[in-house]
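Each chain is listed here by its residues.
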Amino acid sequence: MSEKQAVQMTCPECGQEAVEPVCVPYTLEVQHEGKTHSVTVPQLKVRRCLACGELIFDGDTNRQVSDAVHEQLQLMSAEDIRKNISVLNMTQKEFAAEIDIAEATISRWLSGAMIQSRQSDRRLRKFFEQRLGMLRKEIGPIARQGDRPTSEEDFKRCWLKAVKVGNEVQPILTSCGTAWGSICYAENAA
Ligand SMILES: [Zn+2]
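Just so it is clear, the model here is predicted, and its values are computed rather than measured. (Residues numbered from 1 in each chain as written. Predicted model: local features only at pLDDT ≥ 70, side-chain atom pairs only at ≥ 80, totals over all residues.)

**Here's the deal with the overall build of the chain**
Then step 1. Scanning the chain from N- to C-terminus turns up seven helices and five strands.
Then step 2. Moving toward the C terminus, one meets the helices and strands of the chain in the order α-β-β-β-α-α-α-α-α-α-β-β.
Then step 3. In the chain, the share of contacts with a sequence separation of at least 24, taken over all contacts with a separation of at least 6, comes to 54%. (Helix = DSSP H or I, 4+ residues; strand = E, 2+ residues; numbered from the N terminus. Contact = placed C-beta atoms within 7 Å.)

**A short note on the environment of Trp 109**
Then step 1. Inspection of the secondary structure puts Trp 109 in helix α5 (residues 103-111).
Then step 2. Residues Trp 109 and Ala 78 lie 31 residues apart in sequence; the distance between their C-alpha atoms is 6.3 Å.

**Section: the sheet that holds strand β1 (residues 19-32)**
Strand pairing in a sheet relies on backbone hydrogen bonds. The paired strands run either parallel or antiparallel.
Then step 1. With antiparallel pairing, the three strands of this open sheet are ordered in space as β1-β2-β3. Two strands in the sheet have a free side with no partner beyond their single neighbour: β1 and β3 (55-56).
Then step 2. Pairing analysis gives two bridges linking strand β2 (residues 35-49) to β3, with the strands arranged antiparallel. When the bridges of β3 are listed, Arg 48 appears paired with Leu 55.
Then step 3. This element, helix α2 (residues 59-72), spans β1 and β2 of the sheet and lies at about 155° to β2. (Pairing = 2+ DSSP bridges. Axes fitted to C-alpha atoms, helices over the stretch in contact; angles between N-to-C directions.)

**Let's talk about the packing of helix α4 (residues 92-99) against α5**
Then step 1. One way to put it is that α4 packs onto α5 with a least axis distance of 9 Å and a crossing angle of 115°. Where α4 crosses over α5, the handedness of that crossing is right-handed. Mapping the contact onto sequence places Gln 92, Lys 93, Phe 95 and Ala 96 in α4 and Glu 103, Ile 106 and Ser 107 in α5.
Then step 2. Residue composition of the contact of α4 with α5, by class: three nonpolar, two polar and two charged. (Left-handed = near helix turned anticlockwise from the far one by under 90°. Nonpolar A, V, L, I, M, F, W, Y, C, P; charged D, E, K, R; others polar.)

**Side note on the confidence of the model for the chain**
Then step 1. Averaged over all residues, the pLDDT of the chain is 77; the fraction at 70 or higher stands at 67%.
Then step 2. Confidence drops under pLDDT 50 across residues 1-6; counting only partners more than four residues distant or on other chains, this segment forms zero contacts.
Then step 3. Under a pLDDT of 50 for its full length, residues 140-146 has, in the predicted model, 22 contacts with residues more than four places off or in other chains. (pLDDT = per-residue confidence, 0-100.)

**Considering the nonpolar core**
Then step 1. Among the nonpolar cores identified, the biggest contains 11 residues, and these are Leu 75, Met 76, Ala 78, Ile 81, Ile 85, Phe 95, Ile 106, Trp 109, Ile 115, Leu 124 and Phe 128.
Then step 2. For this core, the elements supplying multiple residues, two or more each, are α3 (78-87), α5 and α6 (118-139). (Core = buried A, V, L, I, M, F, W, Y, C linked by C-beta atoms within 7 Å. Buried ≥ 20, exposed ≤ 12 C-beta atoms within 10 Å, placed from the backbone.)

**Overview of the environment of Val 65**
Then step 1. Looking at the secondary structure, you find Val 65 in helix α2.
Then step 2. Here Val 65 falls in the partly exposed class, since 19 other C-beta atoms lie within 10 Å of it.
Then step 3. Spatially, the C-alpha atom of Val 65 lies 9.9 Å from that of Lys 45, the residues being 20 residues apart in sequence.
Then step 4. What Val 65 contacts, discounting residues up to four positions off in sequence, is Leu 28 and Val 41.

**Topic: the pairing of β2**
Then step 1. As paired elements, β1 and β2 share 13 bridges and run antiparallel to each other. Bridge pairing links Glu 29 to Ser 38 in β2.
Then step 2. Counted between consecutive antiparallel strands, the loop separating β2 from β3 contains five residues, among which Gly 53 sits at a positive phi close to 80°.

**Regarding the environment of Leu 73**
Then step 1. Its location among the elements puts Leu 73 in the loop between α2 and α3.
Then step 2. Separated by 45 residues in sequence, Leu 73 and Arg 118 place their C-alpha atoms 9.0 Å apart.
Then step 3. Setting aside its immediate chain neighbours within four residues, Leu 73 contacts His 32 and His 37.

Shown next as structure tokens:
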């Protein structure tokens, strides 16, 4: 029963209840700073109506498209921005105040409703580079084998320890996992 429910959905276009999950190439045109860009998502995971062929978008589909658009325009993705804010242990409000950009604007970037300008993107990157650099210095970790923080609590423990020890180790933001858990520490060769 639950399997049936998983694909039971009404097509908003034709009203038929016959929808299948598919993986298809998808191309769209995006306007950004006065230029039109053609962006292709090679493998969009989306639901498609068996009756009329309409692709039915949801939050996840929109995210896949938004990520592809940002990647092609070489802009930070919403996920990148969100992750960095989280790594810096800031709220959206605090972040907005620090970088001096309206909170509503940041919300629109994060929801994918708006694409940041190239100028704003540079500002974001510069801000994160500086702050993450500071964090890296402050943490200056530790990173002995098996000493990789996997939770916020664990991270704070490592942080405190690192501040005391003052070793210089490079934290690497990986592309998966939670923000806190995604901070791994590579041991310095020295
Ligand atoms: Zn349909």
